[in-house]
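Below, each chain spelled out in residue letters.
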Amino acid sequence: MQAITEAEEKAAAIKQAAQDRAAVIVEEAEKKASETKKNAIDVCKAYTTTQNGLAMREAQARYDALVAEKAAQAKTDSEKKMKDVDAVVARIVGRIISGDC
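So, how was this worked out
Residues numbered from 1 in each chain as written. Predicted model: local features only at pLDDT ≥ 70, side-chain atom pairs only at ≥ 80, totals over all residues. Heavy atoms only, no water. Helix = DSSP H or I, 4+ residues; strand = E, 2+ residues; numbered from the N terminus. Buried < 20%, exposed > 50% of the residue type's maximum accessible area, 1.4 Å probe, protein only. Areas by Shrake-Rupley, 256 points an atom, 1.4 Å probe, with all protein chains shown as cover. Salt bridge = Lys/Arg side-chain N within 4 Å of Asp/Glu carboxyl O. Patch = residues over 30% accessible without salt bridge, like charges linked within 9 Å, V, L, I, M, F, W, Y side chains within 5 Å.

Visitor: Please explain the overall build of the protein as it appears in this structure.
Guide: When helices and strands are counted, the protein shows 1 helix and 0 strands. Along the longest, intermediate and shortest principal axes, the C-alpha atoms of the protein span 140 × 15 × 10 Å. Expressed as a percentage of the 101 residues in the protein, the buried residues total 0%. About 9100 Å² of surface is accessible on the protein, with carbon and sulfur atoms providing 62% of the total.

In structure tokens, the structure reads:
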């Protein structure tokens, strides 16, 4: 009987030690999971900031190129129209001067 009681006590002690060790392992795993989550959030924030900055720079470069292209096109069109205006103005001035109004 005494051997059975000692075995039961030893088993209970082993079981308690295993439960204590399991609790420590769970606590460490939860801490590590929390740190991993925090690190992942920080990495995602940094990535988002970097990508937003990159996207803004690319968008600004495209915008600047488009504005420069359209400004050059507008200047060319304006110069062409001004040449046409000069001929019309010269014809009108000529008619006024010659009295053919």
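Visitor: What is the right way to read the pattern of salt bridges from this model?
Guide: Pairing between side chains becomes possible if they bear opposite charge and their charged atoms approach one another. Scanning all chains against the criterion turns up 2 salt bridges. With a shortest N-O distance of 3.5 Å, Glu-27 and Lys-31 are connected by a salt bridge. Residue Glu-27 and its partner Lys-31 are both found in helix α1 (residues 2-98); the two are separated by 4 residues, about one turn of the helix. What makes Glu-27 partly exposed here is its relative accessible area of 43%. Lys-38 is the partner of Asp-42 in a salt bridge, and the nearest nitrogen-oxygen pair spans 3.1 Å. Note that Asp-42 and Lys-38 are positioned in helix α1 at a spacing of 4 residues, about one turn of the helix.

Visitor: I keep staring at a nonpolar patch on the surface and nothing clicks. Help me out?
Guide: On the surface, a nonpolar cluster with roughly 440 Å² of combined accessible area is contributed by Met-82, Val-85, Val-89, Val-93 and Ile-97. Assignment of secondary structure puts Val-85 in helix α1.

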